Amino acid sequence: MANIITKPRGTSDLIGAAAERYQELVAALDRQARLCGCRPLQVPMFEENRLFKRGVGESTDIVNKETFDLAPKGDKVYTLRPEFTAGIMRAVIENKLYATPDLPLRLCYSGSAFRYERPQAGRLRELHQWGVEFLDAELDPATVAEAIVLMVDQARSLGLEPLLRINYLGSAASRQAYKAALVGYFEPLIDSMCPDCHHRLALNPLRILDCKVEADQKLVAGAPVITDYLTADDRDNYNRLLDILSAAGVEYELDSRLVRGLDYYTGAVFEIYSREHPELGALGGGGRYDGLVAALGGPAFAGVGFSFGLDRLLLAQPPAETEHSVDLVLLDLTRGAREKELAPLKRDLRARGLSAVAVNSGKALAGALKTADRLRARFFLFVDERGYHLKDLRARSQKDLGPSVTAEALAALLGERYAEN
Ligand code: HAM
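First, a word on scope: everything that follows refers to the structure included in this document. (Residues numbered from 1 in each chain as written. Predicted model: local features only at pLDDT ≥ 70, side-chain atom pairs only at ≥ 80, totals over all residues. Heavy atoms only, no water.)

Okay, helix α14 (residues 407–420) next. Note that an α-helix has 3.6 residues per turn; residues three or four places apart therefore point the same way. Relative to the 20 Å expected for 14 residues at 1.5 Å per residue, α14 spans 20 Å between its end C-alpha atoms, a close match to the ideal helical length. If you check which residues of α14 are buried, you get Ala407, Leu410, Ala411, Leu413 and Leu414. In a view along the axis of α14, the buried residues occupy a sector of 160°, so they form one face of it. Exposed residues on α14 whose side chains face more than 90 degrees from its buried face are Glu408, Ala419 and Glu420. In the core, the buried residues of α14 are packed alongside α12 (339–351), β13 (377–384), β14 (387–392) and β15 (397–402). (Helix = DSSP H or I, 4+ residues; strand = E, 2+ residues; numbered from the N terminus. Expected span 1.5 Å × (residues − 1). Buried < 20%, exposed > 50% of the residue type's maximum accessible area, 1.4 Å probe, protein only. Arc of directions from axis to C-beta. Contact = heavy atoms within 4.5 Å.)

Next up, the structure:
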């Protein structure tokens, strides 16, 4: 197998049960979101680079260092999406989705995102996200709380023991006062800090709080905290939100260092972790963004949303109990004499919602039974010159069905057996 082509670093092949778990996870998250009134939205996997520069922010690592930019075609520079929120807002504006009386607009989405990061367990270059965005001309703390409660409940329903961390970044006035305080604190220290932090101090001093360099983290520990710089309005909004969360029975930890890696946040920000798997980092994160829609050319709409990292959720989820995955395995032992009646039989069984998997007709009975065992099939149907025979692989019994059989009769028989155990 010399010279085979392997997958790019930081990507994954999901095979068989792993792909099934992924699909079931997305379906379960969609189902819960629909109960809150969310409708799905699909957006392109690549967008104009300037959307992410303007949307996510030029001071962020995600845009500054980690984008996958496509070779220019014509006069446009395109980038694989590093996240969904900017693209979703572009679609909301372009399709005027905000022009509806039924607000807040509630959208959910899922798929791949791309970040050129150093791969490790739970950190990929092609990652998968599932998320929601709620939008309205004015967003009350109840709607922000609804997004957070949904996130926590979804994590719980996946069998996780979630830890919610929350912070409040505040309105423009609060953030301006806080940024000035950070500049005042870091300016005398900056010569001893990493080159990236020099850049961050000029562009967005909040980003310094996320610096991964150990020596810089020690300095960050003594920096001012945002909660000391919130305006009275912001403090009031934050307290209302926390009260609603407490009333809903949601536990949280306040984390005044949580600033998130994207520039669009303007109010509450939050992240969720698994108590059993803290090594995976955040399983999801989000927050409120009041200026993003307007910054991208839309109306003055406020938004709140979050995204789960599906790859991390799958690593954190407890393994599912193995259920049988196939109803019926079929084998033709007539060397093709019955092939014309088996084709419609398989189709009719599947139309009745039963999974029917045929093994190659050249296979011997013993080999086909082993396949049925590996597929965790409950029943095995084979046909030979004497007619049809059905094995119940759990009850270890066999029933001879005579020279012909209908899907209706078979489905009824399987139904009876399933009802028994
Ligand atoms: P984010 O925190 O950048 O937020 O990403 C959300 C989640 O995606 C993270 O908590 C993590 O689980 C997962 N994730 C991020 N990077 C990677 C990676 N390299 N490998 C594996 N998983 C990863 C956002 O993307 C925002 N758009 C969330 C949001 C929605 N804010 C408002 N609305």
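Two numbers describe how helix α1 (residues 17–35) lies on helix α5 (residues 141–157): the axes approach to 11 Å, and their chain directions differ by 140°. In terms of their interaxial angle, α1 and α5 are classed as oblique. Our pair here, α1 against α5, has a crossing hand that is right-handed. Contacts between α1 and α5 involve Leu29, Gln32 and Ala33 from the first element and Leu150, Asp153, Gln154 and Ser157 from the second. Each residue belonging to the contact of α1 with α5 can be placed in one class, and the counts come to three nonpolar, three polar and one charged. (Axes fitted to C-alpha atoms, helices over the stretch in contact; angles between N-to-C directions. Parallel < 35°, antiparallel > 145°, perpendicular 65-115°, else oblique. Left-handed = near helix turned anticlockwise from the far one by under 90°. Nonpolar A, V, L, I, M, F, W, Y, C, P; charged D, E, K, R; others polar.)

Glancing now at the pattern of salt bridges. This structure, assessed with the given rule, holds 19 salt bridges. For the salt bridge of Asp61 with Arg200, the shortest nitrogen-to-oxygen distance reads 3.6 Å. Of the two residues, Asp61 is situated in helix α3 (residues 61–64) and Arg200 in helix α7 (residues 195–203); the sequence distance between them amounts to 139 residues. You can call Asp61 partly exposed: its relative accessible area is 28%. Asp392 is paired through a salt bridge with Arg417; the nearest N and O atoms lie 3.1 Å apart. One end of the pair, Asp392, is in strand β14; the other, Arg417, is in helix α14, with 25 residues separating them in the sequence. (Salt bridge = Lys/Arg side-chain N within 4 Å of Asp/Glu carboxyl O.)

What follows concerns the packing of α5 against helix α9 (residues 232–247). Look at α5 against α9: their axes get within 9 Å of each other, and the N-to-C directions meet at 45°. Accordingly, the angle class assigned to the pair α5 and α9 is oblique. Along this stretch, α5 crosses α9, giving a crossing that reads as right-handed. When α5 is examined against α9, the residues Pro141, Ala142, Val144, Ala145, Ile148 and Val149 are found in contact with a partner set consisting of Asn237, Arg240, Leu241, Ile244 and Leu245.

With that settled, the discussion passes to the site of the ligand. Looking at the ligand, there are 26 residues lining it, with Glu83, Glu117, Arg260, Tyr265 and Ala282 nearest. Residue Thr85 places a side-chain N or O atom 2.9 Å away from a nitrogen atom belonging to the ligand. Look at the ligand: alone it shows 660 Å² of surface, and the protein chains cover 96% of it. Secondary-structure elements contributing two or more residues to the shell around the ligand are β5 (126–136), β9 (284–289) and β10 (302–309). Looking at the shell around the ligand residue by residue, the class counts come to 10 nonpolar, nine polar and seven charged. (Near = heavy atom within 4 Å. Polar contact = N/O pair within 3.5 Å; in protein donor to acceptor, adjacent residues only side chain to side chain. Areas by Shrake-Rupley, 256 points an atom, 1.4 Å probe, with all protein chains shown as cover.)

Counted by the stated rule, this structure contains one cavity of 30 Å³ or more. In this structure, the largest cavity spans a volume of roughly 60 Å³. Taken together, Pro141, Val144, Tyr168, Asn237, Leu241, Ala268 and Arg288 make up the full set of residues lining the largest cavity. Breaking the lining of the largest cavity down by element, the ones donating at least two residues are α5 and α9. Classifying every residue of the lining of the largest cavity gives five nonpolar, one polar and one charged. (1 Å grid on protein atoms, 1.4 Å probe; cavity = no way out; pocket = protein on both sides within 12 Å on 5 of 7 lines; lining within 4 Å. Points joined across faces, edges and corners; volume = space filled by probe spheres on them.)

The values reported here are purely geometric and, on their own, carry no functional implication.
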